[in-house]
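# Breakdown of the fold
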Amino acid sequence: MKRIVLMSVIAAMSLSATTITLYKDTKTGALYTTPGENRVRLGEFVSKDELEKSESKGFKDELKVKKVLPRIIDEKSPTFLLGKATKPNMIIRPFDDPDMYLKLGVRVQGTFENREKDYNDPTKADKEYWDAYLRRVRFEVTAGFSKHLSFTMDIRNDKANYQDKGEQEFNVGDAYLKIKKPFGTSLVNFKLYRGKIDVSRTETVKSAYVIHYDRPHVADEAAQYITHNRRGTNAQMYGHKEKKFHYQVAMGDGIYSGKFHDAKGHSFEGSDFLQKSYFYGGKVVLSPFDGWEEKKRTETYFAQGKHFEVGVGYWVSPDIRYTSLAGERVDLDHKLLNLEMSAHYKGAFIQAEYFKFDDVVKDFTAPTTEIGTSSGWYVTGEYVLPQFYYIAPFARYEKWDRWDDESGYDLTSTIFGINWYLRGNTTKVGLSYQKDEYDKNIGDYDEKRLKLTTQWFF
């Protein structure tokens, strides 16, 4: 009899997907699935199928826990003298919704510098001074609301104690809402508000990833020529196709009069400044060779992998109007053409860009306003030596003709230096020498800089 009852219980358990409570008769020892007289509850029992489901769920929960825990070490990073590099920000996810997250990061770049200014005019006294300043100080935060929607911003205090500028003030840099793959394809993404427009490759690369902290002069001008700091409030669409084709199109707020320069390097002098239209334009970047796709906008590769890309961008910031010092009404349409190329193979890296500026003002202080063009280019390269603890010599040469129609407006810049990646971009130090030569109509002097730089970024 006991055997029959037991077999009945086992059969019931095998047919049921739920747990079964067993009871034992204290007199006969028989097993039952329902309570009754003289029956003692033994406990709950599960079938084999239910046990396997439970174990599978437990495994999934374990994976879920691992996913929500903060992780900062970049496992794909090579091992540097101080260990593997960290990811750009520490990420924190809630347990109940892993698609929501918070990323927090900091970036500090310090510079100790000796600077000499040698005038070609013998009546002017040369200058030399020592300076120590924080090139960049930034706190970065990203809030993820879902797998498609996030908001990124940073608070910055750049060039604190630079020359005689004192401690400076904090301001907002990036501040954009990102809509990632709303249609399930990498070809269509959106950014709204203060996101960078790609007027230049080196200006688009995150400053923590550039080889030299001060970007080329001509690229810095491009960063102001279409919109303020290449991130005036805008709306943009961007995407890629299998990393072989990248594009960006955008429109938004135009230039800022405080960063509006003439060919001589003067800041805006005049009145009644007004821009009546949005800027607009776009960029296309191609990686034509299989296996050489550009997967990330960076200048630092640490002797890993290879890439090759070429790109072209065209931007217009129209309907700029102001009154000159002589009382003349001036109308401008800023236009910028940008060509880029970059490549790396293991430790060797090279990058070059060309810029063409239309509707440049020659001199804000002139009695009659002259409008013309400006053009410039640069090339930079680095070679990383993993066998020598990731020491990396680098060089950059720049040529910028600030006024194409007349001699005496050339700016030439040459830089030689060496970086030491102690922990990738997380921790690095550098030493560089820079010589800038300003032609007779843009200052007529040579400037030399010797810099010791450091970076802490995570």
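Read on for a plain summary of the structure. Keep in mind it's a predicted model, so treat the numbers as computed, not measured.

Here we take up the overall build of the protein chain. Assigned secondary structure in the protein chain consists of 4 helices and 23 strands. Looking at the 458 residues of the protein chain, the share that counts as buried comes to 44%. With the model as given, the accessible surface of the protein chain reaches about 23,400 Å², and the carbon-plus-sulfur share is 58%.

The next thing to look at is the nonpolar core. As a rule of thumb, soluble globular proteins bury nonpolar side chains together. Formed by 24 residues in total, the largest nonpolar core has its most connected members in Ile197, Ile226, Trp315, Leu336, Phe355 and Phe357. Secondary-structure elements contributing two or more residues to this core are helix 4 (217–225) and strand 18 (348–361). The biggest single contributor to this core is helix 4, with 4 residues. Of all hydrophobic cores here, the second largest spans 9 residues; its members include Ile255, Phe260, Tyr322 and Leu332.

So, about the environment of Asp97. Mapping Asp97 onto the fold places it in the loop between strand 6 (90–92) and strand 7 (101–119). On the accessibility criterion, Asp97 (29% relative accessible area) is partly exposed. Separated by 48 residues in the primary sequence, Asp97 and Phe145 have C-alpha atoms spaced 9.7 Å apart.

Before going further, it helps to examine helix 4. In terms of burial, helix 4 is a largely internal element, 7 of the 9 residues being buried. Val218, Ala219, Glu221, Ala222, Ala223, Gln224 and Tyr225 are the residues of helix 4 that are buried.

What follows covers a nonpolar patch on the surface. On the surface, Met90, Ile92, Leu102, Leu104, Phe139, Ile155, Phe170 and Val172 cluster together into a nonpolar patch covering about 640 Å² of accessible area. Turning to its location among the elements, Ile92 is positioned in strand 6. A residue is classified by how much of its surface remains accessible, and Ile92, at 37% relative accessible area, is partly exposed.

This part takes up unusual backbone geometry. Its identity as a non-glycine residue notwithstanding, Lys181 has a phi of 45 degrees, on the positive side. Its place among the elements puts Lys181 in the loop between strand 10 (171–179) and strand 11 (189–194). One non-glycine residue with positive phi stands out, namely Glu242, at about 50 degrees. Looking at where Glu242 falls in the secondary structure, it is placed in the loop between strand 12 (234–241) and strand 13 (245–252).

On to the pairing of strand 7. Of the pairings in the sheet, the one linking strand 6 to strand 7 comprises 3 bridges and is antiparallel in character. Across the sheet, the residue bridging to Ile92 is Leu102, located in strand 7. Bridge count between strand 7 and strand 8 (residues 127–144): 17 bridges; the pairing is antiparallel. Bridge pairing in strand 8 places Glu116 opposite Glu128. Where strand 7 meets strand 23 (residues 445–457), 13 bridges bridge the pair, whose relative direction is antiparallel. Its bridge partner being in strand 23, Arg115 is matched across the sheet by Arg449.

Inspection of the sheet shows strand 18 paired to strand 19 (residues 371–383) by 13 bridges, in the antiparallel sense. Bridge pairing links Glu353 to Tyr378 in strand 19. When strand 19 meets strand 20 (residues 391–401), the two strands line up antiparallel, connected through 8 bridges. The residue of strand 20 that forms the bridge with Gly376 is Trp400.

What follows covers the pattern of salt bridges. Scanning all chains against the criterion turns up 28 salt bridges. Salt-bridge contacts for Glu370 lead to Lys362; the nearest nitrogen and oxygen are separated by 3.8 Å. Of the residues examined, Glu370 reaches a relative accessible area of 42% and is grouped as partly exposed. Through salt bridges with shared partners, one network takes in Glu113, Arg115, Arg135, Asp214, Glu447, Arg449 and Lys451.

All right, on to a positive patch on the surface then. Residues Arg71, Lys76, Lys87 and Lys295 make up a contiguous surface patch of positive charge. Positionally, Lys295 belongs in the loop between strand 15 (279–286) and strand 16 (306–323). On the basis of relative accessibility, which here comes to 64%, the residue Lys295 falls in the exposed class.

The next point concerns the environment of Thr152. Tracing the chain through its elements places Thr152 in strand 9 (residues 149–156). Assessed through its relative accessible area of 15%, Thr152 is described here as buried. Here the alpha-carbon distance between Thr152 and Lys178, two residues 26 residues apart in the chain, equals 7.7 Å. Within the structure, the side chain of Thr152 is placed 2.9 Å from the side chain of Thr142, a separation counted as a polar contact.

Evaluation of the coordinates by the stated rule reveals 24 aromatic pairs. Where Phe245 meets Tyr247, the ring centres are 6.0 Å apart and the plane angle is 20 degrees; that geometry is what we call stacked. Overall, the relative accessible area of 30% leaves Phe245 in the partly exposed class. Consider the rings of Phe260 and Phe268, whose centres lie 5.6 Å apart with planes at 15 degrees: the pair is stacked.

Rules of the game
- Residues numbered from 1 in each chain as written.
- Predicted model: local features only at pLDDT ≥ 70, side-chain atom pairs only at ≥ 80, totals over all residues.
- Heavy atoms only, no water.
- Helix = DSSP H or I, 4+ residues; strand = E, 2+ residues; numbered from the N terminus.
- Buried < 20%, exposed > 50% of the residue type's maximum accessible area, 1.4 Å probe, protein only.
- Areas by Shrake-Rupley, 256 points an atom, 1.4 Å probe, with all protein chains shown as cover.
- Core = buried A, V, L, I, M, F, W, Y, C linked by side-chain atoms within 4.5 Å.
- Patch = residues over 30% accessible without salt bridge, like charges linked within 9 Å, V, L, I, M, F, W, Y side chains within 5 Å.
- Salt bridge = Lys/Arg side-chain N within 4 Å of Asp/Glu carboxyl O.
- Pairing = 2+ DSSP bridges.
- Lys, Arg positive; Asp, Glu negative; His and termini not counted.
- Charge placed at Lys NZ, Arg CZ, Asp CG, Glu CD.
- Polar contact = N/O pair within 3.5 Å; in protein donor to acceptor, adjacent residues only side chain to side chain.
- Phe/Tyr/Trp six-rings, centres within 6.5 Å; stacked < 30°, edge-to-face > 60°.

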